[in-house]
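Overview (structure and organization)
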There are 2 protein chains.
Amino acid sequence: MSTRRATISDVAREAGVSPSTASVVFSGKTPVSDATRARVLEAASALGYTGPDPRAASLRRGRSGIVGVVFEEHLGTAFLDPVKTQMMDGLADAMAPLGAGLLLLRDRESVGTGATLMTAPLDAAVLVGCSGLLRESLDAVKARGIPVVVVEGDAGVGIPRIGLDNREAQRQAARHLRAHGHTRVAVAALPVRAGWTRGWIPDDADVTIDVTRERLQGARDVYPDAAAYAAAGSFIDEGLAAGREIFADAANRPTAVIAQSDLLAAGVIRAAEEAGLRVPEDVSITGFDGIVVDGLAPYELTTLVQPAADKGRAAGLAVTAMLDGGEAASITFTCVFRKGNTTAEAPLALSVEPGANGTAARPR
Amino acid sequence: MSTRRATISDVAREAGVSPSTASVVFSGKTPVSDATRARVLEAASALGYTGPDPRAASLRRGRSGIVGVVFEEHLGTAFLDPVKTQMMDGLADAMAPLGAGLLLLRDRESVGTGATLMTAPLDAAVLVGCSGLLRESLDAVKARGIPVVVVEGDAGVGIPRIGLDNREAQRQAARHLRAHGHTRVAVAALPVRAGWTRGWIPDDADVTIDVTRERLQGARDVYPDAAAYAAAGSFIDEGLAAGREIFADAANRPTAVIAQSDLLAAGVIRAAEEAGLRVPEDVSITGFDGIVVDGLAPYELTTLVQPAADKGRAAGLAVTAMLDGGEAASITFTCVFRKGNTTAEAPLALSVEPGANGTAARPR
DNA sequence: TTGTAAGCGTTATCAG
DNA sequence: CTGATAACGCTTACAA
């Protein structure tokens, strides 16, 4: 028990062969006579040797068989997000033939001795989202010479990017609302930056999370003055909180809310109900993502369906290509607009009400 | 570009210090004078050195900062299962203070050069489920001297086990049905073994997946002859397929179905509707897990709520303890029975119908 | 088909 | 506080 673990040299000695021969028996890289193989295997089991130490092998070969998947948020949180989940699904799919393991990593520096983007033995990395924080680590990884792919976020030139037409897609939703006569519109946004806590987005805010910024731009392409309340995350409860704020000023309610995710939209719907507003008669609400939201029936969100799994698959393929020494190109996926039953014509009474100024009033 | 990547020795030489000193600058294990540190850091950045190679460090230290999470199934599939997701959530939670990365692994030998339970540089492993297949790898890992914790499954003595009172819990559901007068009951089961394809479970079947076996035992503690149709996985569509089979023989329909997961139950409900049966008037259906099932409204499953996240957290704590050289004990969590609106009194007409023999007839 | 030898890049130990 | 030395355990040209 307290004795040192057997090494391949021990096995070789026991079997009466050289270390290299023993190594070859395990790796199968070179033909070995059946007799020798048998002898080595026997010696191995006699010594309780279960195969090469991955750490040593990894050092020697320069490959670990591990691909890092870096999230900006707490890992547990990432699993709660259906979009991320679908993305991982696609990614795992695409990595399967390569057989590489996926190492889940958080961007935030971990306290202990643990694995981080910089300290983990990675062959490649997939960055999910790309806040400023992440961007730092990115430079380090790039410098380390590890192939990197970024999903949802910009990582600078030379880094393949799996994107989404966030701005254009969100614009579609906004246009849909405008076509239905909505003039007073508010946005329920995703977080503005890492560590953001709920609140109205100030005019001068520096929106560092790309998804948030791009979707907001899309909304404002149509409603330039739309006020935006940013939640602390993509959750129903956060949407509820955002919705309460948005509907708080009864005199100046928007007739439509553009939520930046389906989960937020679900929360906003609840907030509307709480405020005694009917959806879509009194207020129209759009989502984003096209996931199935639990317990939202009988509502079906008007939303933008994004190909989340395809994004993951594309990331996996890009990684595979780069690992094979090739180049990987950036791809931008397109969302599909889907009309549900949460949007309708703007209520006439409101849209002609004096004081309506084209957008929801922005609270101070 | 084509030049070799800088090593710590290069940096040391450039800075005019010894490699060990340079190493210490990066690890911070030993005090270094500010002057030398500055010199080393400067040399490093001049050479584009971004820190110790994790592979080498890992070899030398004997720790990789990586904990493997091994699933029996295709990784993408694992993400689709809300129970697994919640479990991972809890696990990530518990690992956070330790800072270790979670490496997602599949049990099946991968084709390529990729990471497996045996070839990945792991400090510890968490096995989720434990089929026979997995049990093999387990021996290897144990032999490798890596701390192991098993969630849902038996791994033999000496291996901490995070369990669930599957049998007892399922028995509760069965007793609930019996108390409501049900005598003809069928089971919609989870897969019998890895690679299982849908079908009735033969009497002599060797049920190697523990969860399936234990829950089946619980059901049969009350309904010894209940026929069981095992799905190929925990999905609504699989439940639908199972339900169709179970309700196929109109003359000999069960009045209740015990599904081994909520997702299966949801599918069975759909099958019942398809067959023109009302739930719960004509047929009662129980689930297992206590997750929220999409689009199941207005049904609320009668089910057994399991503390999935707690299981993950417990696994994480056990791993942490073992990594600290301590011992970790096994824990068994308890499910809570929750009555929904999918179970009711057995329909009288059927339960006294001639030919009713106390259980659903078992097809050949 | 098998053996020899030279690292892979770090870090622990211990002496200065 | 700094430096020399010796592993860590394996792989892979290359030689035999």
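Residues numbered from 1 in each chain as written. Chains lettered and ligands numbered in written order. Predicted model: local features only at pLDDT ≥ 70, side-chain atom pairs only at ≥ 80, totals over all residues. Heavy atoms only, no water.

**Overview of the protein's contact with DNA strand C**
Basically, it comes down to this: Any residue with a non-hydrogen atom lying within 4 Å of a molecule or strand is treated as near it. Nitrogen and oxygen atoms within 3.5 Å of one another constitute a polar contact, given that in protein one can donate a hydrogen and the other can accept it, and given that sequence-neighbouring residues count only through two side-chain atoms. Numbering of helices and strands runs from the N terminus; a helix is a DSSP stretch of H or I covering at least four residues, while a strand is a stretch of E covering at least two.
Surveying the vicinity of DNA strand C reveals 23 residues, the closest of which are S20 and T36 of chain A together with I8, Y49 and R60 of chain B. Those atoms of DNA strand C that come within 4 Å of the protein belong to sugar or phosphate at a rate of 61%. Between a phosphate oxygen of DNA strand C and a side-chain N or O atom of T21 of chain A, the distance comes to 2.8 Å. One of the side-chain nitrogen or oxygen atoms of R60 of chain B is found 2.6 Å away from a base oxygen of DNA strand C. Elements that contribute at least two residues to the surface near DNA strand C include exactly helix 2 (19-27) and helix 4 (54-61) of chain A together with helix 1 (8-15), helix 2 (19-27) and helix 4 (54-61) of chain B.

**Quick notes on the relation of the copies chain B and chain A**
Operational definition: A residue counts toward the fit only if its pLDDT is at least 70 in both copies, and the copies are then superposed by least squares on the C-alpha atoms of those residues. Any two residues whose heavy atoms approach within 4.5 Å at even a single point are treated as in contact.
Aligned on chain A, chain B shows an RMSD of 0.2 Å; the corresponding rotation is 180 degrees and the shift along the axis is 0.1 Å. What we have between these two chains is a two-fold relation. When C-alpha distances to the rotation axis are compared across chain B, the minimum falls at L103 of chain B, with a value of 2.1 Å. The residues that chain B uses at the interface reappear at the interface of chain A in 100% of cases, marking a shared surface.

**Describing the UniProt feature "domain: HTH lacI-type" (unreviewed entry) in chain A**
Put simply, the rule is: UniProt positions are given in the numbering used here, feature names are shortened, and annotations may be inferred rather than shown by experiment.
According to UniProt, the positions carrying the feature "domain: HTH lacI-type" (unreviewed entry) are residues 6-61 of chain A. Here residues 6-61 of chain A runs as 70% helix and 0% strand, with 21 Å between its end C-alpha atoms.

**Concerning the pattern of salt bridges**
This is how the line gets drawn: Salt bridges are defined as contacts in which a side-chain nitrogen from Lys or Arg sits within 4 Å of a carboxyl oxygen from Asp or Glu. Burial status follows relative accessibility: with a 1.4 Å probe on protein chains alone, a residue under 20% of its type maximum counts as buried, one over 50% as exposed, and anything between as partly exposed.
Following the criterion strictly, the structure yields 34 salt bridges over all chains and no others. Between E168 of chain A and R175 of chain A there is a salt bridge; the shortest N-O distance is 3.5 Å. Classification of E168 of chain A as partly exposed rests on a relative accessible area of 29%. By relative accessible area, which is 35% here, R175 of chain A ends up partly exposed. The salt bridge involving D93 of chain B is made with R313 of chain B; its shortest N-O contact spans 2.9 Å. Taken as a pair, D93 of chain B in helix 6 (residues 82-95) and R313 of chain B in helix 12 (residues 308-323) lie far apart in primary sequence, 220 residues in all. In this structure, a network of salt bridges that share partners links the residues R167, E168, R171, R175 and D221 of chain A.

**Side note on the domain arrangement of chain A**
Selection rule: By convention here, the domain bounds are inherited from an automatic or database domain assignment.
The assigned domain composition of chain A is domain 1 (8-50), domain 2 (62-164 + 308-334) and domain 3 (166-306 + 338-351). On a C-alpha basis, the centres of domain 1 of chain A and domain 3 of chain A stand 65 Å from each other.

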